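Read off the chains here:
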Amino acid sequence: MTMTTIQTAPIDGQKPGTSGLRKKTRVFMGQHYLENFVQAIFDGIGGVAGKTLIVGGDGRFYNDTATETILRMAAANGAAKVIAGQNGLLSTPAASHLIRSMKTDGGIILSASHNPGGIDEDFGIKFNMPNGGPAPESVTNAIFDVTKTIETYQIYNGDTVDLSTLGHSALGEMQIEIVDPVSAYVDLMQTLFDFPAIKAMIASGTKIRFDAMNAITGPYASAIIEDLLGATKGSVVHGTPLPDFGGMHPDPNPTWAHELMDEMMGSDAPAFGCASDGDGDRNMIVGPNCYVSPSDSLAVIAANATVAPGYAGGLKGVARSMPTSAAVDRVADALGIECYETPTGWKFFGNLMDDGRVSLCGEESFGTGSDHVREKDGVWAVLMWLNIMASTKKSVPQIMQDHWEKFGRNYYSRHDFEAIETDKADAMITALRGKLAGLSGQTFGTLTIETADDYSYLDPVDGSTSAHQGVRVVFKGGARFVVRLSGTGTSGATMRLYAEKLDMTNFNQDPQVALADVLSVAHEIIQTEAFSGRTAPDVVT
Ligand code: G16
């Protein structure tokens, strides 16, 4: 076996987005593409000599090859040890947990999350810090800077790397430990939730359907929901992780998890339905005839978390991303705890959790989690909901109705306009920003604009600033819309339009009807059709 220094050159476009670098798989398979970025990670974090890293991914096409490459490069760069999930598999929250519990120097997670997988679909890679959370912008910027000047990378050639056998081995001087991807995570969940109460509820006839969408959470959900909690075999559907997710688009929302939605809206629906995404950090919760929006899920969890043993002492505070609805804000008010607003991206929650300011975080993009790890966590959210149902003895629709009666309902919806030509999307956002100063005071039908700005975040912990994090237009009375371009797509630009309106009396409208006026004003201001040619969204959540 030999360590080789390979000559390379910078490759354009290796700037990490909302959550790491995501590109078409074939782009990652191009000459030096993955290697350049991995070397940039190593150099951007100050080298890996003597360090211990976690490596794993969601099992999508190219996961195994990329894992092996990373191990070879870590060895050649002098890493002391790499701990990898068996067969290169780790859900994102499980990786975050291992990074923390094994006191490592961070980890590399291979995933394009909720994007489809396969040779013609998407792949991704990101670095997580020793706290288990996604690298902050200071680190991703340092990594990006290296990609612009890189001339060489180091890699070990020779011996094969066996990712399938649990236990210890070595690659040159570097130790390798292959671990079961599931067991440590399952142990952690049992410290947080009332498993006996959930088990009793399931034994008394509560039926569950967990749609793992042929992605990473299948083995985790089977171990917990079927084996430990006693749900009937088959409660976890699409439970085998496949390199192309069996052709499914593993994004747990009503559009892509339509099989689950059909079942839950049908006459013989189980009491509880849920789905998770490619790498297991997202979740969707559905009751019989009752879709729970992610923003509402966050608020319900905040209001009820103390039923779970891990949260019995109360929440320190909560945080939500700016486009997420303000439903959780009123729960925080009622609880007398702080509610923080951050830009889109789980990485912004890390400082707040590390500083002991918040224990619960959530986003409209189907992400909820707590300070048990530093990623959002799909299976965690499912267990929290099951714990709430078991403790309150209420159904999902009843939990929602009671919540709205107590706190009011924030009608909420996100409309995605996908794969717009990048130039057109940029022109649309630039024109919108140009209008902001003149918008306040303008009236559109019954809606009068109170404020309009381009959101900028000042991190209260480290004092860093993140500007241009989304245009927000707030109407008198609190209704609002937000517009931003996605940072996770791989084709063209995706415009996300988020609309919200609080109603304190009428809780059972169709959100699209309740929000029709806000959406219509939004399009009038954005000039969506004129700039993009689009008249309807591709995905509505
Ligand atoms: C990532 C981030 C989330 C973010 C989401 C959507 O999720 O971790 O914090 O809300 O992308 O981002 P965007 O609107 O920029 O596409 P995931 O599940 O893709 O890792």
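Here the structure is a predicted model, which is why all the values come from computation and not from measurement.

Moving on, we get to the sheet that holds strand S10 (residues 208-211). Strand order across the open sheet formed by five strands is S11-S10-S12-S13-S14, with mixed pairing between neighbours. Edge positions in the sheet fall to strand S11 (236-237) and strand S14 (290-292), since each of these pairs with one other strand and no more. In this structure, strand S12 (residues 272-276) lies alongside strand S13 (residues 283-287), joined through four bridges in antiparallel fashion. By the bridge assignment, Cys274 is partnered in S13 with Ile285. Where helix H9 (residues 258-265) meets the sheet, it contacts S10, S12, S13 and S14, and its direction lies at approximately 20 degrees from that of S13.

This part covers the domain arrangement of the chain. Here the chain is described as being made up of domain 1 (2-181), domain 2 (185-406) and domain 3 (409-540). The C-alpha centroid of domain 3 is placed 35 Å from the C-alpha centroid of domain 1. Buried surface at the junction of domain 1 and domain 3, both sides included, amounts to about 590 Å², of which 39% is carbon and sulfur. Of all residues in domain 1, Thr18, Arg22 and Glu137 give up the largest surface area on contact with domain 3, accounting jointly for 55% of the area buried on that side. For the pair domain 1 and domain 3, the number of links is zero salt bridges. The interface formed by domain 1 and domain 3 holds two residue pairs in polar contact (both at pLDDT 80 or more) in total. Of the residues forming the side of domain 1 that touches domain 3, the biggest block, three residues, is contributed by strand S2 (residues 21-24). In terms of residue class, the side of domain 1 that touches domain 3 is built from no nonpolar, four polar and five charged.

Judged by pairing direction, the sheet is mixed, and its seven strands sit side by side in the order S2-S6-S5-S3-S4-S9-S8 without closing on themselves. If you trace the sheet from one side to the other, it starts and ends with S2 and strand S8 (167-171), each paired once. Sheet twist, expressed as the average angle between the axes of neighbouring strands with direction ignored, equals 20 degrees. Sheet topology places S2 next to strand S6 (residues 122-128); four bridges connect them, and they run antiparallel. For Lys23, the partnering residue across the bridge sits in S6 and is Phe123. Here helix H2 (residues 33-44) sits on the sheet in contact with S2, strand S3 (52-57), strand S5 (107-110) and S6, set at roughly 15 degrees to S6.

What follows covers the state of the cysteines. A complete count under the given rule lists zero disulfides for this structure. Cysteine Cys339 is unpaired, with the sulfur of Cys361 as its nearest cysteine sulfur at 9.9 Å. Residue class for Cys339 comes out partly exposed when judged on its relative accessible area of 22%.

In the numbering adopted here, UniProt assigns the feature "domain: Alpha-D-phosphohexomutase alpha/beta/alpha" (unreviewed entry) to residues 14-153, 184-286 and 295-407. The span residues 14-153 carries 36% helix and 23% strand; its end-to-end C-alpha distance comes to 16 Å. For residues 184-286, helix accounts for 37% and strand for 15%, while the C-alpha atoms at its two ends are 28 Å apart.

Every one of the 19 residues lining the ligand counts as a neighbour, but Glu363, Arg484, Gly487, Thr488 and Arg496 are closest to it. In the model, an oxygen atom of the ligand is placed 3.5 Å from a nitrogen or oxygen of the Asp281 side chain. One of the backbone N or O atoms of Trp346 is found 2.8 Å from an oxygen atom in the ligand. Computed on the free molecule, the ligand has an accessible area of 460 Å², of which 99% lies beneath the protein chains in the complex. Given that more than half its atoms are within 2 Å of the pocket grid, the ligand belongs to the largest cavity. In terms of residue class, the shell around the ligand is built from one nonpolar, ten polar and eight charged.

With that settled, consider empty space enclosed by the protein. The tally for this structure, following the rule as stated, stands at five cavities of 30 Å³ or more. Roughly 230 Å³ of internal volume is contained in the largest cavity. Considering the residues around the largest cavity, the lining is formed by 24 residues, among which Thr18, Arg282, Ser365, Lys376 and Thr488 are closest to the centre. For the lining of the largest cavity, the residue count by class is two nonpolar, ten polar and twelve charged. The wall of the second largest cavity is formed by 16 residues, among which Gly20, Lys126, Phe127, Ala135 and Thr140 lie closest to the centre.

Size it by volume and the largest pocket reaches roughly 940 Å³. In terms of lining, the largest pocket is formed by 35 residues, of which the most central are Gly17, Thr18, Leu485, Ser486 and Gly487. Among the elements of the structure, S2, helix H5 (137-147), helix H15 (422-435), strand S25 (480-485) and strand S26 (493-503) are those that each provide at least two residues to the lining of the largest pocket. Looking at which element gives the most residues to the lining of the largest pocket, the answer is H15, with four residues. Counted by class, the lining of the largest pocket contains eight nonpolar, 19 polar and eight charged residues. For the second largest pocket, the calculated volume is near 390 Å³. What lines the second largest pocket is a set of 25 residues, and nearest its centre among them are Asn115, His249, Glu418, Gly489 and Thr494. For the lining of the second largest pocket, the elements supplying multiple residues, two or more each, are strand S19 (409-420) and S26. For the lining of the second largest pocket, the element with the highest residue contribution is S19, accounting for four residues.

Turning to the packing of aromatic side chains, a few remarks are in order. Under the definition given, this model contains ten aromatic pairs. A centroid spacing of 6.1 Å and a plane angle of 45 degrees characterise the contact between Phe475 and Phe481, whose relative ring orientation is tilted. What makes Phe475 buried here is its relative accessible area of 0%. When its relative accessible area of 0% is taken as the criterion, Phe481 is described as buried. Through a chain of ring-to-ring contacts, three or more aromatic side chains come together here, namely Phe28, Tyr33, Tyr62 and Phe123. Residue placement shows Arg409 over the ring face of Trp404; its charged tip is 4.0 Å from the ring centre.

Reading guide: rules and limits
- Per chain, residues are indexed from 1 in the order of the written sequence.
- Per-residue local features of the predicted model are confined to residues with pLDDT of at least 70, and side-chain atom pairs are confined, for both listing and counting, to 80 or more; whole-chain, interface and lining totals are unaffected and use all residues.
- The side-chain values count all of the structure's non-hydrogen atoms but skip hydrogen atoms and water molecules.
- A pair of strands counts as paired when DSSP detects no fewer than two bridges linking them.
- What counts as a helix is a DSSP run of H or I of at least four residues, what counts as a strand is a run of E of at least two, and both are numbered from the N terminus.
- Note on definitions: a residue-residue contact is assigned when non-hydrogen atoms from the two residues lie within 4.5 Å.
- Angles run from 0 to 180 degrees between N-to-C directions of axes, and those axes are lines fitted to C-alpha atoms, restricted for helices to the stretch in contact.
- The start and end points of each domain follow an automatic or database-based domain assignment.
- Once two parts are brought into contact, the accessible area they lose, counted with a 1.4 Å probe and summed over both, makes up the buried area.
- We define a salt bridge as a side-chain nitrogen of Lys or Arg found within 4 Å of a carboxyl oxygen belonging to Asp or Glu.
- Nitrogen and oxygen atoms within 3.5 Å of one another constitute a polar contact, given that in protein one can donate a hydrogen and the other can accept it, and given that sequence-neighbouring residues count only through two side-chain atoms.
- Side-chain classes are defined by residue name, with Ala, Val, Leu, Ile, Met, Phe, Trp, Tyr, Cys and Pro counting as nonpolar, Asp, Glu, Lys and Arg as charged, and the others, Gly among them, as polar.
- Disulfides are defined as pairs of cysteine sulfur atoms found within 2.5 Å of each other.
- Each residue gets one of three labels from its accessible area relative to the maximum for its type: buried under 20%, exposed over 50%, partly exposed in between, using a 1.4 Å probe on protein chains only.
- UniProt positions are given in the numbering used here, feature names are shortened, and annotations may be inferred rather than shown by experiment.
- Any residue with a heavy atom positioned within 4 Å of a molecule or strand is treated as near that molecule or strand.
- The method behind every accessible area is Shrake-Rupley, applied with a 1.4 Å probe, and residues are considered shielded solely by the protein chains displayed.
- A pocket, in this scheme, is an open set of points on a 1 Å grid over the protein atoms alone with protein on both sides within 12 Å along at least 5 of 7 lines, while a cavity is a set where a 1.4 Å probe fits but cannot get out; residues line either one if an atom lies within 4 Å of a point.
- Whether a molecule sits in a cavity or pocket is decided by its atoms, more than half of which must lie within 2 Å of the grid points.
- Grid points are joined across faces, edges and corners, and a volume is the space filled by probe spheres set on the points.
- Aromatic pairing here means that ring centres of Phe, Tyr or Trp (its six-membered ring) are within 6.5 Å. Orientation follows from the plane angle: under 30 degrees is stacked, over 60 is edge-to-face, and everything else is tilted.
- Only Lys NZ and Arg CZ are tested; either one counts as a charge over a ring when it is within 6 Å of the ring centre and within 35 degrees of the ring normal.

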